[in-house]
Amino acid sequence: MKKFNVCVIGTGYVGLVTGTCLAEIGHRVVCVDSDKNKIARLNNGKVPIYETGLEKLVVKNTKAKRLFFTTSVKSAMDTKHRAEIIFIAVGTPPRDDGSADLSFVEDVSAEIAKNMTDYTVIVEKSTVPVETGIWIEKTITRLNQKKIPFDVVSNPEFLREGSAVADFLKPDRIIVGTSSAKAKDAMKKLYAPIKSPILFTNIKSAEIIKHASNSFLACKISFINAVANVCERTGANVEDVAKGMGLDKRIGKSFLNAGVGFGGFCFPKDLQAFGYISKDKGYDFALLKEVQRINEEQKMWIVKKCHQELWNLAGKTIAILGLAFKPNTDDIRFAPSIDIIRRLQKLKAKVKVYDPKATENAKKILKKITFCKTPYECVKNADCAAIVTEWDEIKNLDLSKTFDLMKHPIIIDGRNIFHPLTMRKKGFTYHSVGRV
(Lines give C-alpha, C1' and ligand atoms only; values in the text may rest on other atoms or scores of the structure.)
Protein backbone atom coordinates (compact mmCIF):
# COMPACT_ATOMS: atom_id res chain seq x y z
CA MET A 1 0.00 0.00 0.00
CA LYS A 2 1.04 3.60 -0.50
CA LYS A 3 1.63 5.40 2.80
CA PHE A 4 0.56 9.03 2.78
CA ASN A 5 1.56 11.98 4.90
CA VAL A 6 -1.79 13.14 6.23
CA CYS A 7 -2.82 16.23 8.17
CA VAL A 8 -6.10 16.28 10.11
CA ILE A 9 -7.21 19.72 11.29
CA GLY A 10 -9.54 19.50 14.29
CA THR A 11 -9.35 16.91 17.08
CA GLY A 12 -12.97 16.60 18.12
CA TYR A 13 -14.85 13.30 17.86
CA VAL A 14 -14.50 13.13 14.08
CA GLY A 15 -10.99 14.50 13.67
CA LEU A 16 -9.35 12.52 16.44
CA VAL A 17 -10.94 9.22 15.38
CA THR A 18 -10.11 9.90 11.72
CA GLY A 19 -6.48 10.80 12.41
CA THR A 20 -5.91 7.92 14.81
CA CYS A 21 -7.48 5.32 12.55
CA LEU A 22 -5.59 6.54 9.48
CA ALA A 23 -2.39 6.10 11.51
CA GLU A 24 -3.60 2.65 12.57
CA ILE A 25 -3.84 1.52 8.92
CA GLY A 26 -0.30 2.69 8.25
CA HIS A 27 -0.25 6.37 7.27
CA ARG A 28 1.79 9.11 8.92
CA VAL A 29 -0.70 11.52 10.48
CA VAL A 30 -0.35 14.91 12.15
CA CYS A 31 -3.44 16.12 14.01
CA VAL A 32 -3.84 19.87 14.55
CA ASP A 33 -5.95 21.76 17.05
CA SER A 34 -5.82 25.34 18.32
CA ASP A 35 -6.57 24.18 21.88
CA LYS A 36 -3.14 24.01 23.53
CA ASN A 37 -4.39 22.09 26.58
CA LYS A 38 -6.00 19.44 24.40
CA ILE A 39 -2.84 18.98 22.34
CA ALA A 40 -0.71 18.77 25.48
CA ARG A 41 -2.97 16.04 26.85
CA LEU A 42 -2.87 14.13 23.58
CA ASN A 43 0.91 14.32 23.47
CA ASN A 44 0.85 12.69 26.89
CA GLY A 45 -1.41 9.89 25.66
CA LYS A 46 -4.56 11.29 27.30
CA VAL A 47 -7.69 11.39 25.17
CA PRO A 48 -10.04 14.30 26.03
CA ILE A 49 -13.18 12.38 25.04
CA TYR A 50 -14.51 8.97 26.00
CA GLU A 51 -14.66 6.69 23.00
CA THR A 52 -14.31 2.92 23.16
CA GLY A 53 -10.83 1.76 22.12
CA LEU A 54 -9.60 5.20 21.07
CA GLU A 55 -7.08 5.93 23.82
CA LYS A 56 -5.36 2.58 23.28
CA LEU A 57 -4.90 3.33 19.57
CA VAL A 58 -3.67 6.88 20.27
CA VAL A 59 -0.96 5.56 22.59
CA LYS A 60 -0.03 2.72 20.22
CA ASN A 61 0.34 4.90 17.11
CA THR A 62 2.08 7.74 18.95
CA LYS A 63 4.72 5.27 20.16
CA ALA A 64 5.01 3.85 16.64
CA LYS A 65 5.80 7.38 15.33
CA ARG A 66 2.81 7.37 13.00
CA LEU A 67 0.63 9.81 14.96
CA PHE A 68 1.61 13.33 16.03
CA PHE A 69 -0.15 16.32 17.57
CA THR A 70 0.49 20.04 17.17
CA THR A 71 -1.22 23.43 17.42
CA SER A 72 0.37 24.69 14.18
CA VAL A 73 -1.12 24.11 10.74
CA LYS A 74 2.13 25.37 9.24
CA SER A 75 4.29 22.80 11.04
CA ALA A 76 1.81 20.03 10.20
CA MET A 77 2.22 20.92 6.50
CA ASP A 78 6.02 21.34 6.59
CA THR A 79 8.25 20.28 3.69
CA LYS A 80 10.09 17.49 5.56
CA HIS A 81 6.92 15.42 5.79
CA ARG A 82 4.76 17.42 3.42
CA ALA A 83 1.06 16.82 3.93
CA GLU A 84 -0.24 15.21 0.76
CA ILE A 85 -3.81 14.88 2.00
CA ILE A 86 -5.41 17.32 4.45
CA PHE A 87 -8.67 16.60 6.26
CA ILE A 88 -10.78 19.52 7.49
CA ALA A 89 -12.56 18.22 10.60
CA VAL A 90 -13.35 21.40 12.51
CA GLY A 91 -16.65 22.25 14.17
CA THR A 92 -19.67 23.46 12.19
CA PRO A 93 -21.98 24.52 15.05
CA PRO A 94 -25.63 25.32 14.33
CA ARG A 95 -26.85 28.90 14.30
CA ASP A 96 -30.22 29.86 15.77
CA ASP A 97 -31.88 29.62 12.35
CA GLY A 98 -30.61 26.05 11.81
CA SER A 99 -27.87 26.97 9.35
CA ALA A 100 -24.30 25.82 9.94
CA ASP A 101 -21.62 28.26 11.08
CA LEU A 102 -18.80 27.61 8.61
CA SER A 103 -16.37 30.25 9.84
CA PHE A 104 -13.93 27.62 11.18
CA VAL A 105 -13.95 25.87 7.81
CA GLU A 106 -13.16 29.18 6.08
CA ASP A 107 -10.34 29.98 8.52
CA VAL A 108 -8.75 26.58 8.03
CA SER A 109 -9.08 26.83 4.24
CA ALA A 110 -7.18 30.12 4.38
CA GLU A 111 -4.42 28.54 6.49
CA ILE A 112 -4.09 25.68 4.04
CA ALA A 113 -3.84 28.07 1.08
CA LYS A 114 -0.99 29.96 2.70
CA ASN A 115 1.06 26.87 3.55
CA MET A 116 0.75 24.59 0.50
CA THR A 117 4.01 23.86 -1.34
CA ASP A 118 2.92 21.15 -3.80
CA TYR A 119 -0.20 19.39 -5.07
CA THR A 120 -2.55 18.68 -2.17
CA VAL A 121 -5.86 16.84 -1.78
CA ILE A 122 -8.07 18.82 0.61
CA VAL A 123 -10.83 16.74 2.16
CA GLU A 124 -13.91 18.18 3.84
CA LYS A 125 -14.64 15.69 6.63
CA SER A 126 -16.79 17.96 8.78
CA THR A 127 -20.52 17.70 8.18
CA VAL A 128 -21.23 20.67 5.96
CA PRO A 129 -24.12 21.92 3.81
CA VAL A 130 -24.11 21.26 0.10
CA GLU A 131 -21.94 23.73 -1.88
CA THR A 132 -19.40 24.11 0.93
CA GLY A 133 -16.84 22.43 -1.33
CA ILE A 134 -17.30 25.28 -3.81
CA TRP A 135 -16.55 27.83 -1.10
CA ILE A 136 -13.49 25.93 0.12
CA GLU A 137 -12.18 25.88 -3.44
CA LYS A 138 -12.90 29.60 -3.94
CA THR A 139 -11.23 30.54 -0.64
CA ILE A 140 -8.08 28.55 -1.35
CA THR A 141 -7.87 29.74 -4.95
CA ARG A 142 -8.20 33.36 -3.82
CA LEU A 143 -5.37 33.07 -1.26
CA ASN A 144 -3.19 30.59 -3.16
CA GLN A 145 -0.65 33.19 -4.33
CA LYS A 146 1.89 30.61 -5.55
CA LYS A 147 -0.78 28.89 -7.68
CA ILE A 148 -0.09 25.52 -6.09
CA PRO A 149 -2.34 22.83 -7.64
CA PHE A 150 -4.96 21.24 -5.38
CA ASP A 151 -8.25 19.37 -5.40
CA VAL A 152 -11.16 19.54 -2.98
CA VAL A 153 -12.87 16.29 -1.99
CA SER A 154 -15.97 15.61 0.09
CA ASN A 155 -15.60 12.53 2.34
CA PRO A 156 -18.47 12.58 4.88
CA GLU A 157 -18.12 10.63 8.10
CA PHE A 158 -20.62 8.09 9.38
CA LEU A 159 -19.16 7.49 12.84
CA ARG A 160 -21.45 6.55 15.71
CA GLU A 161 -20.24 7.74 19.08
CA GLY A 162 -19.45 4.74 21.24
CA SER A 163 -18.43 2.63 18.25
CA ALA A 164 -16.57 5.23 16.15
CA VAL A 165 -13.28 3.32 15.90
CA ALA A 166 -15.01 0.16 14.64
CA ASP A 167 -17.17 2.25 12.30
CA PHE A 168 -14.07 3.83 10.74
CA LEU A 169 -12.09 0.61 10.35
CA LYS A 170 -15.05 -1.55 9.26
CA PRO A 171 -17.56 0.81 7.62
CA ASP A 172 -20.68 -0.04 5.63
CA ARG A 173 -19.42 2.22 2.87
CA ILE A 174 -16.98 5.03 2.13
CA ILE A 175 -18.33 8.04 0.24
CA VAL A 176 -15.91 10.16 -1.80
CA GLY A 177 -17.09 13.18 -3.77
CA THR A 178 -14.69 14.48 -6.41
CA SER A 179 -14.51 15.33 -10.10
CA SER A 180 -10.72 14.87 -10.22
CA ALA A 181 -9.20 11.58 -11.41
CA LYS A 182 -5.99 12.39 -9.51
CA ALA A 183 -7.83 12.99 -6.23
CA LYS A 184 -9.97 9.88 -6.80
CA ASP A 185 -6.81 7.77 -7.19
CA ALA A 186 -5.28 9.26 -4.01
CA MET A 187 -8.40 8.58 -1.94
CA LYS A 188 -8.67 5.05 -3.30
CA LYS A 189 -5.07 4.36 -2.25
CA LEU A 190 -5.55 6.08 1.13
CA TYR A 191 -8.44 3.76 2.03
CA ALA A 192 -7.01 0.63 0.35
CA PRO A 193 -6.38 -1.20 3.67
CA ILE A 194 -10.06 -0.83 4.62
CA LYS A 195 -12.14 -3.49 2.97
CA SER A 196 -15.32 -1.61 2.21
CA PRO A 197 -17.24 -0.48 -0.88
CA ILE A 198 -16.26 3.01 -2.02
CA LEU A 199 -18.91 5.09 -3.75
CA PHE A 200 -17.49 7.91 -5.88
CA THR A 201 -19.86 10.80 -6.63
CA ASN A 202 -19.57 14.47 -7.39
CA ILE A 203 -18.89 16.74 -4.41
CA LYS A 204 -22.45 18.04 -4.05
CA SER A 205 -23.94 14.54 -3.97
CA ALA A 206 -21.46 13.46 -1.28
CA GLU A 207 -22.32 16.50 0.82
CA ILE A 208 -26.05 15.75 0.60
CA ILE A 209 -25.61 12.02 1.34
CA LYS A 210 -24.55 12.78 4.93
CA HIS A 211 -27.45 15.11 5.70
CA ALA A 212 -29.95 12.85 3.91
CA SER A 213 -28.71 9.74 5.76
CA ASN A 214 -28.94 11.25 9.23
CA SER A 215 -32.27 12.90 8.49
CA PHE A 216 -33.72 9.58 7.29
CA LEU A 217 -32.53 7.76 10.42
CA ALA A 218 -34.05 10.51 12.56
CA CYS A 219 -37.30 9.97 10.63
CA LYS A 220 -37.27 6.27 11.55
CA ILE A 221 -36.77 7.07 15.23
CA SER A 222 -39.55 9.66 15.33
CA PHE A 223 -41.83 7.34 13.36
CA ILE A 224 -41.47 4.44 15.80
CA ASN A 225 -41.90 6.82 18.75
CA ALA A 226 -45.15 8.06 17.22
CA VAL A 227 -46.20 4.43 16.72
CA ALA A 228 -45.31 3.76 20.38
CA ASN A 229 -47.78 6.43 21.46
CA VAL A 230 -50.51 4.71 19.46
CA CYS A 231 -49.51 1.34 20.93
CA GLU A 232 -49.69 2.71 24.46
CA ARG A 233 -53.19 4.01 23.85
CA THR A 234 -54.45 0.77 22.28
CA GLY A 235 -52.73 -1.94 24.31
CA ALA A 236 -50.41 -3.03 21.50
CA ASN A 237 -46.69 -3.76 22.12
CA VAL A 238 -44.37 -1.49 20.15
CA GLU A 239 -41.52 -4.00 20.30
CA ASP A 240 -43.65 -6.62 18.53
CA VAL A 241 -44.81 -4.00 16.04
CA ALA A 242 -41.21 -2.92 15.36
CA LYS A 243 -40.10 -6.53 14.96
CA GLY A 244 -42.89 -7.19 12.50
CA MET A 245 -41.95 -4.08 10.54
CA GLY A 246 -38.23 -4.82 10.65
CA LEU A 247 -38.59 -8.28 9.13
CA ASP A 248 -39.64 -6.52 5.94
CA LYS A 249 -36.35 -6.14 4.03
CA ARG A 250 -37.56 -2.87 2.57
CA ILE A 251 -37.76 -1.40 6.09
CA GLY A 252 -35.10 -3.18 8.16
CA LYS A 253 -34.94 -3.46 11.95
CA SER A 254 -32.32 -0.77 12.67
CA PHE A 255 -33.44 2.46 14.39
CA LEU A 256 -36.86 1.07 15.30
CA ASN A 257 -36.31 1.14 19.06
CA ALA A 258 -38.90 3.31 20.80
CA GLY A 259 -37.65 5.59 23.54
CA VAL A 260 -37.46 9.17 24.74
CA GLY A 261 -36.12 10.55 21.49
CA PHE A 262 -32.80 11.02 19.75
CA GLY A 263 -30.02 13.33 20.86
CA GLY A 264 -26.32 13.81 20.27
CA PHE A 265 -24.73 16.41 18.07
CA CYS A 266 -25.35 14.87 14.63
CA PHE A 267 -29.04 14.06 14.28
CA PRO A 268 -30.55 17.29 15.68
CA LYS A 269 -27.95 19.47 13.96
CA ASP A 270 -28.10 17.72 10.60
CA LEU A 271 -31.89 17.63 10.62
CA GLN A 272 -32.01 21.38 11.17
CA ALA A 273 -29.28 22.06 8.63
CA PHE A 274 -30.90 19.93 5.91
CA GLY A 275 -34.19 21.73 6.51
CA TYR A 276 -32.44 25.10 6.26
CA ILE A 277 -30.59 24.10 3.08
CA SER A 278 -33.84 22.93 1.47
CA LYS A 279 -35.66 26.12 2.41
CA ASP A 280 -32.76 28.23 1.15
CA LYS A 281 -33.04 26.48 -2.20
CA GLY A 282 -36.79 27.07 -2.39
CA TYR A 283 -38.13 23.75 -1.11
CA ASP A 284 -40.14 23.41 2.09
CA PHE A 285 -39.04 20.02 3.48
CA ALA A 286 -41.97 19.93 5.93
CA LEU A 287 -41.38 16.29 6.89
CA LEU A 288 -38.17 17.25 8.68
CA LYS A 289 -40.04 19.80 10.81
CA GLU A 290 -42.50 17.12 11.92
CA VAL A 291 -39.68 14.71 12.78
CA GLN A 292 -38.19 17.43 14.95
CA ARG A 293 -41.53 18.21 16.59
CA ILE A 294 -42.21 14.56 17.44
CA ASN A 295 -38.73 14.22 18.95
CA GLU A 296 -39.12 17.28 21.17
CA GLU A 297 -42.52 16.07 22.34
CA GLN A 298 -41.20 12.57 23.04
CA LYS A 299 -38.54 13.88 25.44
CA MET A 300 -41.33 15.00 27.76
CA TRP A 301 -42.83 11.49 27.96
CA ILE A 302 -40.87 10.89 31.16
CA VAL A 303 -42.12 14.11 32.73
CA LYS A 304 -45.72 13.18 31.87
CA LYS A 305 -45.30 9.77 33.49
CA CYS A 306 -43.83 11.39 36.61
CA HIS A 307 -46.93 13.59 36.81
CA GLN A 308 -49.15 10.59 36.29
CA GLU A 309 -47.64 8.76 39.26
CA LEU A 310 -46.70 11.58 41.65
CA TRP A 311 -49.31 14.28 40.91
CA ASN A 312 -47.51 17.48 41.93
CA LEU A 313 -43.76 17.26 41.36
CA ALA A 314 -42.72 20.18 43.58
CA GLY A 315 -40.50 18.84 46.34
CA LYS A 316 -40.52 15.28 44.94
CA THR A 317 -37.18 13.55 44.33
CA ILE A 318 -36.66 12.20 40.81
CA ALA A 319 -33.66 9.99 40.05
CA ILE A 320 -32.34 10.22 36.49
CA LEU A 321 -30.33 7.19 35.39
CA GLY A 322 -28.19 8.14 32.40
CA LEU A 323 -27.14 11.53 31.07
CA ALA A 324 -25.24 10.83 27.85
CA PHE A 325 -27.40 10.81 24.72
CA LYS A 326 -26.46 7.15 24.20
CA PRO A 327 -24.35 4.53 26.03
CA ASN A 328 -20.56 4.22 25.63
CA THR A 329 -19.97 7.94 25.21
CA ASP A 330 -19.60 10.95 27.48
CA ASP A 331 -21.35 13.27 25.01
CA ILE A 332 -24.35 15.16 26.37
CA ARG A 333 -24.85 17.55 23.44
CA PHE A 334 -28.59 17.71 22.68
CA ALA A 335 -29.10 14.76 25.04
CA PRO A 336 -32.77 14.18 26.00
CA SER A 337 -31.70 14.08 29.66
CA ILE A 338 -30.88 17.79 29.61
CA ASP A 339 -34.36 18.89 28.51
CA ILE A 340 -36.01 16.40 30.87
CA ILE A 341 -34.00 17.62 33.87
CA ARG A 342 -34.59 21.28 33.09
CA ARG A 343 -38.33 20.68 32.79
CA LEU A 344 -38.37 18.82 36.11
CA GLN A 345 -36.46 21.70 37.71
CA LYS A 346 -39.03 24.19 36.40
CA LEU A 347 -41.66 22.10 38.13
CA LYS A 348 -39.56 22.40 41.32
CA ALA A 349 -38.71 18.73 41.59
CA LYS A 350 -35.49 17.67 43.31
CA VAL A 351 -33.27 15.92 40.78
CA LYS A 352 -30.54 13.36 41.41
CA VAL A 353 -28.52 12.00 38.47
CA TYR A 354 -26.11 9.22 37.65
CA ASP A 355 -24.03 8.45 34.56
CA PRO A 356 -20.85 6.34 34.43
CA LYS A 357 -19.03 8.62 31.93
CA ALA A 358 -20.88 11.89 31.28
CA THR A 359 -20.96 13.42 34.78
CA GLU A 360 -18.07 15.86 34.31
CA ASN A 361 -19.53 17.21 31.06
CA ALA A 362 -22.96 17.51 32.68
CA LYS A 363 -21.59 19.47 35.63
CA LYS A 364 -20.61 22.25 33.22
CA ILE A 365 -24.19 22.95 32.21
CA LEU A 366 -26.50 21.52 34.88
CA LYS A 367 -26.79 23.32 38.21
CA LYS A 368 -28.65 22.69 41.45
CA ILE A 369 -28.89 18.95 41.02
CA THR A 370 -27.26 16.12 42.96
CA PHE A 371 -24.61 14.16 41.07
CA CYS A 372 -24.25 10.60 42.36
CA LYS A 373 -21.35 8.18 42.12
CA THR A 374 -23.44 5.03 41.80
CA PRO A 375 -26.92 4.21 40.51
CA TYR A 376 -27.89 3.01 43.98
CA GLU A 377 -26.91 6.33 45.56
CA CYS A 378 -29.06 7.96 42.88
CA VAL A 379 -32.23 5.94 43.54
CA LYS A 380 -31.93 6.06 47.34
CA ASN A 381 -35.03 7.73 48.83
CA ALA A 382 -36.25 8.71 45.35
CA ASP A 383 -39.98 9.07 44.74
CA CYS A 384 -39.41 7.88 41.19
CA ALA A 385 -36.51 6.73 38.97
CA ALA A 386 -36.36 7.47 35.24
CA ILE A 387 -34.09 5.55 32.87
CA VAL A 388 -32.83 7.85 30.12
CA THR A 389 -29.67 6.11 28.84
CA GLU A 390 -29.39 2.34 28.38
CA TRP A 391 -25.95 1.80 29.93
CA ASP A 392 -25.10 -1.85 30.70
CA GLU A 393 -24.58 -0.83 34.32
CA ILE A 394 -28.20 0.29 34.47
CA LYS A 395 -29.46 -2.78 32.59
CA ASN A 396 -27.72 -4.94 35.20
CA LEU A 397 -29.11 -3.19 38.28
CA ASP A 398 -29.80 -5.32 41.33
CA LEU A 399 -33.55 -4.79 41.23
CA SER A 400 -34.19 -6.08 44.75
CA LYS A 401 -31.66 -3.61 46.13
CA THR A 402 -33.15 -0.84 44.00
CA PHE A 403 -36.65 -1.65 45.28
CA ASP A 404 -35.52 -1.48 48.92
CA LEU A 405 -33.66 1.83 48.45
CA MET A 406 -36.47 3.80 46.79
CA LYS A 407 -39.03 5.80 48.74
CA HIS A 408 -41.63 4.74 46.18
CA PRO A 409 -40.62 1.91 43.81
CA ILE A 410 -41.68 3.65 40.61
CA ILE A 411 -39.57 3.05 37.48
CA ILE A 412 -40.16 5.01 34.30
CA ASP A 413 -38.15 3.20 31.64
CA GLY A 414 -37.45 5.52 28.75
CA ARG A 415 -35.36 2.91 26.93
CA ASN A 416 -37.44 -0.26 27.44
CA ILE A 417 -34.52 -2.14 29.01
CA PHE A 418 -36.65 -4.20 31.43
CA HIS A 419 -39.61 -6.50 30.86
CA PRO A 420 -42.92 -5.12 32.18
CA LEU A 421 -44.13 -8.42 33.67
CA THR A 422 -40.81 -9.02 35.46
CA MET A 423 -40.79 -5.55 36.95
CA ARG A 424 -44.37 -5.77 38.20
CA LYS A 425 -43.75 -9.17 39.73
CA LYS A 426 -40.91 -7.59 41.70
CA GLY A 427 -43.34 -5.01 43.05
CA PHE A 428 -42.42 -1.98 40.95
CA THR A 429 -44.87 0.44 39.47
CA TYR A 430 -43.42 0.30 35.98
CA HIS A 431 -43.92 2.34 32.80
CA SER A 432 -42.20 1.76 29.46
CA VAL A 433 -42.50 3.30 26.01
CA GLY A 434 -45.30 1.80 23.90
CA ARG A 435 -45.73 -1.30 26.08
CA VAL A 436 -48.42 -2.05 28.64
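So, here is what we can say about the structure in this document.

Cut-offs used in this document
- Just so you know, the residues in each chain are numbered from 1, in the order the chain's sequence is written.
- Where local features are concerned, this predicted model is filtered to residues with pLDDT of at least 70; where side-chain atom pairs are given and counted, the filter is 80 or more; whole-chain, interface and lining totals use all residues.
- Calculated side-chain values reflect all of the structure's heavy atoms, with hydrogen atoms and water omitted.
- Here the nonpolar core consists of buried residues drawn from Ala, Val, Leu, Ile, Met, Phe, Trp, Tyr and Cys, with membership extended through side-chain atoms lying within 4.5 Å.
- Using a 1.4 Å probe on the protein chains alone, a residue whose accessible area is under 20% of its type maximum counts as buried, one over 50% counts as exposed, and one in between counts as partly exposed.
- To qualify as a helix, a DSSP run of H or I must reach at least 4 residues; to qualify as a strand, a run of E must reach at least 2; elements of each kind are numbered from the N terminus.
- Should any heavy atoms of two residues lie within 4.5 Å, those residues are considered in contact.
- A carboxyl oxygen of Asp or Glu within 4 Å of a side-chain nitrogen of Lys or Arg is what we treat as a salt bridge.
- Any residue with an atom within 4 Å of a point lines the site, the site being either a cavity, points on a 1 Å grid over the protein atoms alone where a 1.4 Å probe fits but cannot get out, or a pocket, an open set with protein on both sides within 12 Å along at least 5 of 7 lines.
- Grid points are joined across faces, edges and corners, and a volume is the space filled by probe spheres set on the points.
- When residues are grouped by polarity, Ala, Val, Leu, Ile, Met, Phe, Trp, Tyr, Cys and Pro land in nonpolar, Asp, Glu, Lys and Arg in charged, and all others, Gly among them, in polar.
- Place the viewer so that the strands point away; then a crossover is right-handed whenever the path from the first strand over the helix to the second strand goes clockwise.
- Two strands are said to pair when DSSP picks up at least two bridges between them.
- The criterion for a disulfide is a pair of cysteine sulfur atoms lying within 2.5 Å.
- Axes here mean lines fitted to C-alpha atoms, for a helix over just the part in contact, with angles spanning 0 to 180 degrees between N-to-C directions.
- Note that the term roughly parallel is reserved for angles under 35 degrees, roughly antiparallel for angles over 145, roughly perpendicular for angles of 65 to 115, and oblique for everything else.
- Each crossing gets its handedness from the near helix: less than a right angle anticlockwise from the far helix is left-handed, clockwise is right-handed.

**Observations concerning the nonpolar core**
Okay, step 1: Formed by 59 residues in total, the largest nonpolar core has its most connected members in Ile302, Ile320 and Leu344.
Okay, step 2: Sort the elements by how many residues they give to this core and helix 13 (residues 301-310) lands first, with five residues.
Okay, step 3: Other than its neighbours up to four places away in sequence, Ile320 contacts Ile340, Ile341, Leu344, Val351, Lys352, Val353, Tyr354, Cys378, Ala386 and Val388.
Okay, step 4: With 41 residues, the next largest nonpolar core counts Phe4, Ala23, Val121 and Ala183 among its residues.

**Here we look at the pattern of salt bridges**
Okay, step 1: Within the structure shown, the criterion is met by 22 salt bridges.
Okay, step 2: With its nearest N and O atoms 3.5 Å apart, the salt bridge here joins Asp270 to Lys269.
Okay, step 3: Here Lys407 ties to Asp383 by a salt bridge, and the two come within 4.0 Å at their closest N and O atoms. Of the two residues, Lys407 sits in the loop between helix 18 (399-405) and strand 13 (410-413) while Asp383 sits in the loop between helix 16 (375-379) and strand 12 (384-387), which places them 24 residues apart along the sequence.
Okay, step 4: Judged by its relative accessible area of 54%, Lys407 falls in the exposed class.
Okay, step 5: For Asp383, a relative accessible area of 4% corresponds to the buried category.
Okay, step 6: When salt bridges with common partners are traced through the structure, they connect Glu161, Asp331 and Arg333 into a single cluster.

**Some points on the layout of surface pockets**
Okay, step 1: Estimates place the volume of the second largest pocket at around 500 Å³.
Okay, step 2: Every element with two or more residues in the lining of the second largest pocket is listed here: helix 5 (103-115), helix 6 (132-143) and helix 11 (266-280).
Okay, step 3: Element by element, the count of residues in the lining of the second largest pocket is highest for helix 6, at five residues.
Okay, step 4: Considered class by class, the residues forming the lining of the second largest pocket number 10 nonpolar, five polar and seven charged.

**Thoughts on helix 14 (residues 336-346)**
Okay, step 1: Listed in full, the buried residues belonging to helix 14 are Pro336, Ser337, Ile338, Ile340, Ile341 and Leu344.
Okay, step 2: The inward-facing, buried residues of helix 14 abut helix 12 (286-299), helix 13, strand 9 (317-321) and strand 10 (350-354).

**As for the pairing of strand 10**
Okay, step 1: Counting buried residues along strand 10, four of its five residues qualify, which places the element largely inside the surrounding structure.
Okay, step 2: Traced from strand 9 through helix 14 to strand 10, the parallel crossover comes out right-handed.
Okay, step 3: In this structure, strand 10 lies alongside strand 11 (residues 370-371), joined through two bridges in parallel fashion. Across the sheet, the residue bridging to Val353 is Phe371, located in strand 11.

**Quick look at empty space enclosed by the protein**
Okay, step 1: By the definition in use, this model includes one cavity of 30 Å³ or more.
Okay, step 2: A volume near 50 Å³ is recorded for the largest cavity.
Okay, step 3: Lining of the largest cavity is provided by Glu124, Ser126, Thr127, Val128, Ser154, Pro156, Ala206, Glu207 and Lys210.
Okay, step 4: The leading source of residues in the lining of the largest cavity is helix 9 (residues 203-234), at three residues.

**Some remarks on the state of the cysteines**
Okay, step 1: Scanning the entire structure with this criterion turns up zero disulfides.
Okay, step 2: This cysteine, Cys219, is not joined by any disulfide, and Cys266 carries the nearest cysteine sulfur, 16 Å off.

**Let's talk about the packing of helix 12 against helix 13**
Okay, step 1: Contact geometry for helix 12 and helix 13: axes closest at 4 Å, N-to-C directions at 35°. Two secondary-structure elements touch here, helix 12 through Glu297, Gln298 and Lys299 and helix 13 through Trp301, Ile302 and Lys304.
Okay, step 2: Here the residues of the contact of helix 12 with helix 13 sort into two nonpolar, one polar and three charged.

**Details of the packing of helix 9 against helix 10 (residues 238-246)**
Okay, step 1: Closest axis-to-axis distance for the helix 9/helix 10 pair is 9 Å, and the angle between their directions is 135°. Classified by the interaxial angle, the pair formed by helix 9 and helix 10 is oblique. Crossing handedness for the pair helix 9 and helix 10: right-handed. Across from Phe223, Ile224, Val227, Ala228 and Cys231 in helix 9, the residues of helix 10 making contact are Val238, Val241, Ala242 and Met245.
Okay, step 2: Taken together, the residues of the contact of helix 9 with helix 10 break down into nine nonpolar, no polar and no charged.

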